[in-house]
Amino acid sequence: MKLWAGRFSKEIDKKTNDFNSSISFDSRMYREDIEGSMAHAEMIGECGIIEKSESQAIIEGLKGILADIDNGNLQIDMNAEDIHTFIEGELTQRLGQTGKRLHTARSRNDQVAVDIRLYLKKEVQNIKKQVKELIGVICNKAEEYAGAVMPGYTHLQRAQPITFGHHLMAYAEMLLRDVDRLECAYRHMDEMPLGSGALATTTYPIDRTITAKLLNFDRVSQNSLDGVSDRDFCMELASALSIIMVHLSRFSEEIIMWCSWEFKFVELDDAFSTGSSIMPQKKNPDIAELVRGKSGRVFGDLMTLLTVMKGIALAYNKDMQEDKEAIFDAVDTVKMCLTAFTPMIKCA
Ligand code: ARG
C-alpha cells in the first residue's frame, strides 16, 4: 500500500511502479534515512506534537530496523517505492498506528533533501581524506627525487631542465585546490532542510534547531522552496569531482607516456601493471589508462545533474530523483580511482 494511496481506487501498474521506484539506488541511504527520522521523532516529541512515549517508541523501533538491516536480518524490499517508504512501512508494521505518527510535520520532499545531504557529507569527508593521502604520497616522491634532473616540456617539445620533484609538486598544488573545492561543496550542503515540508513548511509548532543539532548540521535552511529543491551541492560536488578527475587523468597521461620505451622515465611496480599473453616485452599501465578513461563517466554525471536541474519550476519535481544515480556514480568512481591510483604512485 502506497503512502499516498488514500485517494486512489487502483494499485499502481507493475511496470509503472518499477519505472517510478528509486529503491534500487536510494536504498544505500538507509542509515541516513533512519538517522533523519530518529532526529525528527525526537524533535516532534520534544515540541509536544506527539506524545513523548510515542516518540520514544518510534526511536526504539527505528534503532531496531537499523540493527536488523545492518546485521542482515531485514532485507530491503526492492518492490518498495523508495527507501523512505520502505523504512516507514516497516516501522508501521512493527508499531502499528504509532509508526505512522513519524510522518507528522514532514514530507518525503524534505526527508530526501536531508538524507542526501547527510549521505554526501560523509562521502565528501572520505574523499577528502583520500585526496590528502595522495598529496602525502606525491610529496614523499617529490622529496625522494628532489635532485633528479629531467626535461621540462612545452608543446611536448623539450624546453628547459627541471627536476622530477618539481614536476610532481605541480600535481600536489592541483590536489590542494581540489581539497578546497570539496570543503566549499561541504559548506553548502551543511544546511538542514527538514521543516520545509512538501514546499510550504508546516503548521505544527516544530523547532528546527533541535533537528539541526541532533543531525550535526551547521545551520537550518532559510527558504522552504529552496530547502526542498536545492541540489546545488550535488552539482558543486560533481564539479569538484570532475576537476579531480581532470587532474588524475592528466597525471595518468604523463605516467602512460613516461612508461613507454620512447620516454622510459619511470617504471611501475609489477603489482600495478599488466602484461600481454603474446608480447612478453610489454608492461602495460592499465590502471593509469582506466583512470584516464573513467574521467568521462564523472564529467557525464555532472552534465546529467546540470541538465536535470536546469528546467524545473520550483519546488520539488520527480525529475530530481535522477540526482542520486549521477552523484553516487561520481562519488563511487572517484573513490575507486583514488584507491587504485595512490598505491600505484607510492610503489612506482
Ligand atoms: N524517491 C523520491 C526522490 O528521490 C523521494 C521524494 C518523493 N517525493 C514525492 N513528492 N514524490 O526524489
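Residues numbered from 1 in each chain as written. Predicted model: local features only at pLDDT ≥ 70, side-chain atom pairs only at ≥ 80, totals over all residues. Heavy atoms only, no water.

Novice: Got a minute to help me understand the overall build of the protein in this structure?
Specialist: Along its length, the protein carries 13 helices and four strands. Summarising its shape, the C-alpha atoms of the protein cover approximately 75 × 45 × 40 Å along the three principal directions. Taken across its 348 residues, the protein has 50% of its residues classed as buried. In the protein, the proportion of contacts linking residues at least 24 apart, taken out of those at least 6 apart, comes to 77%. Approximately 17400 Å² of the protein is accessible, and the part contributed by carbon and sulfur atoms is 53%. For the protein, the centre of its 41 positive side-chain charges and the centre of its 52 negative side-chain charges are spaced 1 Å apart. (Helix = DSSP H or I, 4+ residues; strand = E, 2+ residues; numbered from the N terminus. Buried < 20%, exposed > 50% of the residue type's maximum accessible area, 1.4 Å probe, protein only. Contact = heavy atoms within 4.5 Å. Areas by Shrake-Rupley, 256 points an atom, 1.4 Å probe, with all protein chains shown as cover. Lys, Arg positive; Asp, Glu negative; His and termini not counted. Charge placed at Lys NZ, Arg CZ, Asp CG, Glu CD.)

Novice: I'm lost on the site of the ligand in this one. Help?
Specialist: Around the ligand, the structure places S22, D82, H84, R108, N109, V112, Y316, Q321 and K324. In the model, a nitrogen atom of the ligand is placed 3.1 Å from a nitrogen or oxygen of the D82 side chain. Protein coverage of the free-state accessible area of the ligand, which is 340 Å², stands at 86%. A total of three residues in the shell around the ligand trace back to one element, the largest contributor, which is helix α7 (residues 108–144). Residues of the shell around the ligand, tallied by class, amount to two nonpolar, four polar and three charged. (Near = heavy atom within 4 Å. Polar contact = N/O pair within 3.5 Å; in protein donor to acceptor, adjacent residues only side chain to side chain. Nonpolar A, V, L, I, M, F, W, Y, C, P; charged D, E, K, R; others polar.)

Novice: Is there a simple way to explain the state of the cysteines in this structure?
Specialist: Here a disulfide denotes a covalent bond joining the sulfur atom of one cysteine to the sulfur atom of another. Summed over all chains, the structure comprises zero disulfides. This cysteine, C234, is not joined by any disulfide, and C184 carries the nearest cysteine sulfur, 14 Å off. Free cysteine C337: the closest other cysteine sulfur is in C259, separated by 17 Å. (Disulfide = S-S within 2.5 Å.)

Novice: Is there a simple way to explain a nonpolar patch on the surface in this structure?
Specialist: Taken together, the side chains of L199, L225 and L314 present a nonpolar region at the surface, about 270 Å² in accessible area. Within the fold, L199 resides in the loop between β3 (191–192) and α9 (208–214). For L199, a relative accessible area of 41% translates into the label partly exposed. (Patch = residues over 30% accessible without salt bridge, like charges linked within 9 Å, V, L, I, M, F, W, Y side chains within 5 Å. Salt bridge = Lys/Arg side-chain N within 4 Å of Asp/Glu carboxyl O.)

Novice: When you look at unusual backbone geometry in this model, what are you seeing that I'm missing?
Specialist: Working note: non-glycine residues mostly have negative phi, and peptide bonds are mostly trans. Along the chain, L314 connects to A315 via a cis peptide bond; the corresponding omega equals 5°. Position of A315 among the secondary structure elements: in the loop between α12 (286–310) and α13 (323–347). A positive phi is found at T201, a non-glycine position, where the angle reads about 65°. Structurally, T201 can be placed in the loop between β3 and α9.

Novice: Looking at this model, I keep getting lost on the nonpolar core. Mind explaining?
Specialist: The tendency in soluble globular proteins is for nonpolar side chains to be buried as a group. Among the nonpolar cores identified, the biggest contains 60 residues, and L120, L237 and L241 are the most heavily contacted of them. When contributions to this core are tallied by element, the ones reaching two or more residues are α7, α8 (164–189), α11 (232–259), α12 and α13. In terms of residue count, the dominant contributor to this core is α11 (14 residues). With 25 residues, the next largest nonpolar core counts I34, A80, F86 and I87 among its residues. (Core = buried A, V, L, I, M, F, W, Y, C linked by side-chain atoms within 4.5 Å.)

Novice: Honestly, the packing of helix α4 (residues 52–70) against helix α5 (residues 83–95) in this entry has me stumped. Any pointers?
Specialist: What describes two packed helices is the angle between their axes and the distance between those same axes. For the pair α4 and α5, interaxial distance at closest approach is 10 Å and the crossing angle is 115°. As for the relative orientation of α4 and α5, their crossing is right-handed in sense. Contact residues: A57, I58, G61, L62, G64, I65, D68 and I69 in α4; F86, I87, E90, L91, R94 and L95 in α5. Grouping the amino acids of the contact of α4 with α5 by side-chain chemistry returns nine nonpolar, two polar and three charged. (Axes fitted to C-alpha atoms, helices over the stretch in contact; angles between N-to-C directions. Left-handed = near helix turned anticlockwise from the far one by under 90°.)

Novice: What am I meant to see in the packing of aromatic side chains here?
Specialist: Any pair of aromatic rings gets described here by the distance separating the centres and the angle formed by the planes. Evaluation of the coordinates by the stated rule reveals seven aromatic pairs. Judged by centre distance (5.6 Å) and plane angle (75°), the rings of Y145 and F164 are edge-to-face. Within this pair, whereas Y145 is found in the loop between α7 and β1 (149–154), its partner F164 is found in helix α8, the two being separated by 19 residues in sequence. For Y145, a relative accessible area of 31% gives the class partly exposed. On the basis of relative accessibility, which here comes to 14%, the residue F164 falls in the buried class. Taken together, the ring pairs in this structure connect Y145, F164 and W258 into an aromatic cluster. In this arrangement the basic side chain of K264 is found over the ring face of W261, its NZ or CZ atom lying 4.1 Å from the centre. (Phe/Tyr/Trp six-rings, centres within 6.5 Å; stacked < 30°, edge-to-face > 60°. Lys NZ or Arg CZ within 6 Å of the ring centre and 35° of its normal.)

Novice: What's the story with the pairing of β1 in this structure? I'm lost.
Specialist: A regular strand places its side chains on the two faces of the sheet in alternate fashion. One ladder, built from six bridges, connects β1 with strand β2 (residues 157–163); its direction is antiparallel. Note on β2: the bridge partner recorded for P151 is P161. From the end of β1 to the start of β2, which pair antiparallel, there are two residues, and H155 there has a positive phi angle of about 55°. (Pairing = 2+ DSSP bridges.)

Novice: Even after reading the chapter, I still don't get the pattern of salt bridges, so can you show me in this structure?
Specialist: Where charged atoms from two side chains of opposite charge come close, those side chains can pair. Using the criterion set out here, one finds 27 salt bridges in the structure. The salt bridge partner of R106 is E88, with a shortest N-O separation of 3.6 Å. Taken together, the positions of R106 in the loop between α6 (97–100) and α7 and E88 in helix α5 put the pair 18 residues apart, joining distant regions of the chain. Taking the relative accessible area as the measure of exposure, R106 reaches 9% and is therefore buried. Measuring nitrogen to oxygen at the nearest pair gives 2.4 Å for the salt bridge that ties E253 to R292. Linking E253 in helix α11 with R292 in helix α12, this pair joins segments that are 39 residues apart in sequence. The structure contains a network of salt bridges with shared partners spanning E81, D82, R108 and K318.

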